[in-house]
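Each chain, letter by letter, is given below.
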Amino acid sequence: MSISNGAGTSTGKPLKQIHLAAHFPGVNNTTVWSDPAAGSHVEFSSFAHFARTAERAKFDFLFLAEGLRLREQGGQIYDLDVVGRPDTFTVLSALAAVTEHLGLTGTINSTFNEPYEVARQFASLDHLSGGRAAWNVVTSWDAFTGENFRRGGFLPQEERYSRAKEFLATANELFDSWHGDEIVADQGAGTFLRDARAGSFSHKGQHFDIEGQFNVPRSPQGRPVIFQAGDSDEGREFAAEGADAIFSRYSTLKEGQAFYTDVKGRLARHGRTRDQLLILPAATFVLGDSDAEAQELAREVRRQQVSGATAIKHLEFVWNRDLSSYDPEGPLPDIDPDLGEHTIARGRAQVRMYRDPLAIAREWRELAAAKNWSIRDLVIETGNRQAFVGSPATVASTINDFVQADAADGFILVPHITPGGLDVFADTVVPLLQERGVFRTEYEGTTLRDHLGLAHPDDGAAEPVAS
Amino acid sequence: MSAPSSPHPPLSAPLHLAVALNGAGWHPAAWREPEARPGELLTAAYWSDTVQEAERGLLDFVTIEDALGLQSSKFTGPDDRTDQERGRLDAVLIAARVAPLTRHIGLVPTVVATHTEPFHISKAIATLDYVSTGRAGLRIQVSARQHEAAHFGRRTFPPFGVEDLDTPAVRDLTAELFEEAADYVEAVRRLWDSWEDGAEIRDVATGRFIDREKLHYIDFEGRHFSVKGPSITPRPPQGQPVVSALAHQSVPFQLVARSTDIRYITPHDTGRARTIIEEIRAERAAAGRAAEPLHIFGDLVVLLDDDPGAAAARLDRLDGLAGHPYTSDAKVFAGTPSQLADLLLEFQRAGLTGFRLRPAVIGHDLPAITRELVPELQRRGAFRTAYEADTLRGLLGLARPANRYAAV
């Protein structure tokens, strides 16, 4: 398939508009905290700077991830990456005061919360931001995180999606319990409420058995925009059934297209159209004056992201052993991974990515021997490269190509410097996308639904489009 | 030293003033007043205007009411009324929304301990402290209401009314809920201290972002929950944001007294104020905390007009609109700002350190507080003429506390 960079595609399809969002970098080794330009991950001034940059660049929204227990490795709190973050709802509500248009997306767990409370928090955020709230619904089940909460960690892994689905369905019932016309506030007549039973709900299900009256009237967007993260089959089905957008993993163009086709193909079964679910992978980037300079910079950033100590810790995920006695500048361990229950690292999703540790260890040893790589070299070389590396023109083209080729509807960008890492993208790449006519030059609406081209829930479903 | 010539000699310590924000006001007919903005009660503009007005009056802080159920004229559950304000926003999020738009005033949202997670609330209030650069507090509250428990479906409470409050069953339930609230505050406070100051070291040489020796598991184990910790949020700017509670009975006095910085009480006269203050001081001493500073604020519902008759007439008119006389746990004051200043100073002499005023109509009585009562108190040397500190603890004269986990 060939892709043109001009005003239209070779297939004659109209140009898709790109959606862009900014992920405030959090507790992972993407963030280069040792850089002299790196600022606080907790102070509000960092969040305000980041949000203002995103809004100046006319981004769709800002995105916050979640972690409810500090990560541990070898029985100790992991100290090599950024540690510590503020509360999601509280920061987003404060950011609503320093921005006017930017969407505010929070990742909120469906396991360690209750629907009534989360629904009133999102409805409140939507009111206080004038219709800019979005909820990335995630699930977890581990007893490790559960130790911080009343309910503990009893949720069996196989129940996490069933609980998440029921949690979201229940929250939607709460959002919909007010229709938007109940508050009359007629001072003369003395009628505040049209109907004393406004907000009534009753939900009887496997996970939630609740009833009463919801106390937050209908918010500007009706419901917050719903995101789903995760690319398992269950996750895709969950998204196809009820999400407005997917926060997915960045991959190659081809893999992106396959994911896009698969997920969008599931929508019809749920009576939904292809434009009712956006696919927005997370993506890192490194910009330089030239492609060569950006490549050089990208290599340097990867070395900063993976210190010797980080490399050893990374190897421990696979080996499931304490490898602290190994020299990161030396060869890989000749002992094999411990195949027992994974005990070395807790509180991170990464440990589940290595399904066959023996095979990976063998492959890595062979690779390191062939290339004469140290442990640190290997972790750097086999780790995730930045998604977009190049001059602003190259990066703008690549992003546009991905979107026009239906590998994504846009990207959630993750800078490696907090909070200023987005500035260069805003100043150099965004204008190029605007020149191509694929990214807005002004906000056209006021709500996040407006930015994303999603209908208000009260507007009814769009007419199904024949494929 | 010569005798003071002013009729109102300066008092040894200026009093503290807070305002309790509750929708359009505390009177159920408040929303019908011309100054009310009944169609805007769920907007950021209403709340930022209101808190900025309070800040204009140099007030110590605002509290923001909240509940996990719809407002009702009935204690026992929802009612059928359509003539009163209904619906509200989450108080923590309101406080966060106005924080960047204010600079000095403390922000104290209500938090219901009964159905929420101490881990979530601890980081939410810590974050409110970050977004306000040191102006956060919380007001802890419990809910024994059957219908609010049904919104969560995790526990059931027996139905009871106000008239049952003194029955043994209800007293036991209340005691249990306040005991849980005391545990809740303890867990929240430990989480705030679970990061020592300076835990973030960014040591490039060793690659360590934090010094994990300065992070602590809190290992809280209680009857109702346990929390491992540490918090995901570093220690907030104030170290310990300000914890406050309203209590009317001795059970809550005992249980919450031990862990709050500010107590709101509702005496209707100075004699009663003295009795309650003695009781609280005794419990404080019994808990071994006599030396620690404790503010005791009197709660008052206020209607203020330049003419005493006008305030009383306004209350009558509001009662007429509501269809019944307004009653409150707190004393209801209708009069002039000067009369209110007299009353506040009288209560101060009885031992109160400050007041939480509940404006009957926010649009009317809040500006009366900030533009008339405050200047009157200033003329008497009883209230600040400029903000003297940047944090809520600073305004209240509370030092930034040492961390319970820090090695001495």
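Because the structure is predicted, anything quoted here is derived from the model rather than measured.

Asker: I would appreciate a short explanation of empty space enclosed by the protein in the present structure.
Answerer: Left-over empty space is what a probe sized like a water molecule reveals as it rolls over the atoms. Tallying each qualifying case throughout the model produces 7 cavities of 30 Å³ or more. When its volume is computed, the largest cavity comes out at roughly 260 Å³. Lining the largest cavity are 22 residues, and of these E117 and Q121 of chain A together with D90, V92 and I121 of chain B sit closest to its centre. Elements with a minimum of two residues in the lining of the largest cavity: α2 (88-98) and α3 (115-128) of chain A together with α2 (91-98), β3 (106-112) and α3 (118-131) of chain B. Counting residues per element, the lining of the largest cavity draws most heavily on α3 of chain B, at 4 residues. Partitioned by chemical class, the residues of the lining of the largest cavity number 9 nonpolar, 6 polar and 7 charged. Estimated volume of the second largest cavity: approximately 120 Å³. Lining the second largest cavity are 15 residues, and of these F24, F47, L64, R85 and P86 of chain A lie nearest its centre. For the lining of the second largest cavity, the residue count by class is 8 nonpolar, 5 polar and 2 charged.

Asker: Mind showing me how you'd approach the packing of aromatic side chains here?
Answerer: Remark: the centre distance and the inter-plane angle together describe each pair of aromatic rings, the angle taken between the planes. Residue and element names in this part refer to chain A. Tallying each qualifying case throughout the model produces 33 aromatic pairs over all chains. Centroid distance F112 to F149: 5.0 Å. Interplanar angle 15 degrees. Geometry classified as stacked. Residue F112 is found in the loop between β5 (103-109) and α3, and its partner F149 is found in the loop between α4 (143-146) and α5 (160-175); the two are separated by 37 residues along the sequence. The aromatic ring of F144 is capped on one face by R69, whose charged end is 3.9 Å from the ring centroid.

Asker: Which parts of the structure should I look at to understand the environment of E200 of chain B?
Answerer: Residues and elements named next belong to chain B. For E200, the position within the fold is in strand β5 (residues 200-203). With relative accessibility at 31%, the residue E200 sits in the partly exposed group. Spatially, the C-alpha atom of E200 lies 44 Å from that of F157, the residues being 43 residues apart in sequence. Apart from residues lying up to four places away in sequence, E200 is in contact with F209 and I210.

Asker: Please clarify how the domain arrangement of chain A should be interpreted in this entry.
Answerer: One frequently used descriptor of interface size is the decrease in accessible area upon assembly of the parts. Residue and element names in this part refer to chain A. Partitioning chain A into domains gives domain 1 (19-290 + 386-459) and domain 2 (307-382). Distance between the C-alpha centres of domain 1 and domain 2: 32 Å. Of the residues lining the interface, 10 residues belong to domain 1; the matching set on domain 2 comes to 12 residues. In this assembly, domain 1 packs against domain 2 so that about 1100 Å² is buried in total across both faces, 49% of it on carbon and sulfur atoms. The three residues of domain 1 that bury the most area against domain 2 are R71, Q73 and L80, which together make up 45% of that side's buried surface. Between the two partners, domain 1 and domain 2, sit 1 salt bridge. Note that R346 and E72 form a salt bridge whose closest N and O atoms lie 3.8 Å from each other. Counting the contacts that link domain 1 with domain 2 gives 4 residue pairs in polar contact (both at pLDDT 80 or more). Counted by class, the side of domain 1 that touches domain 2 contains 4 nonpolar, 3 polar and 3 charged residues.

Cut-offs used in this document
- Residues numbered from 1 in each chain as written.
- Chains lettered and ligands numbered in written order.
- Predicted model: local features only at pLDDT ≥ 70, side-chain atom pairs only at ≥ 80, totals over all residues.
- Heavy atoms only, no water.
- 1 Å grid on protein atoms, 1.4 Å probe; cavity = no way out; pocket = protein on both sides within 12 Å on 5 of 7 lines; lining within 4 Å.
- Points joined across faces, edges and corners; volume = space filled by probe spheres on them.
- Helix = DSSP H or I, 4+ residues; strand = E, 2+ residues; numbered from the N terminus.
- Nonpolar A, V, L, I, M, F, W, Y, C, P; charged D, E, K, R; others polar.
- Phe/Tyr/Trp six-rings, centres within 6.5 Å; stacked < 30°, edge-to-face > 60°.
- Lys NZ or Arg CZ within 6 Å of the ring centre and 35° of its normal.
- Buried < 20%, exposed > 50% of the residue type's maximum accessible area, 1.4 Å probe, protein only.
- Contact = heavy atoms within 4.5 Å.
- Domains from an automatic or database assignment.
- Buried area = accessible area lost by both parts, 1.4 Å probe.
- Salt bridge = Lys/Arg side-chain N within 4 Å of Asp/Glu carboxyl O.
- Polar contact = N/O pair within 3.5 Å; in protein donor to acceptor, adjacent residues only side chain to side chain.

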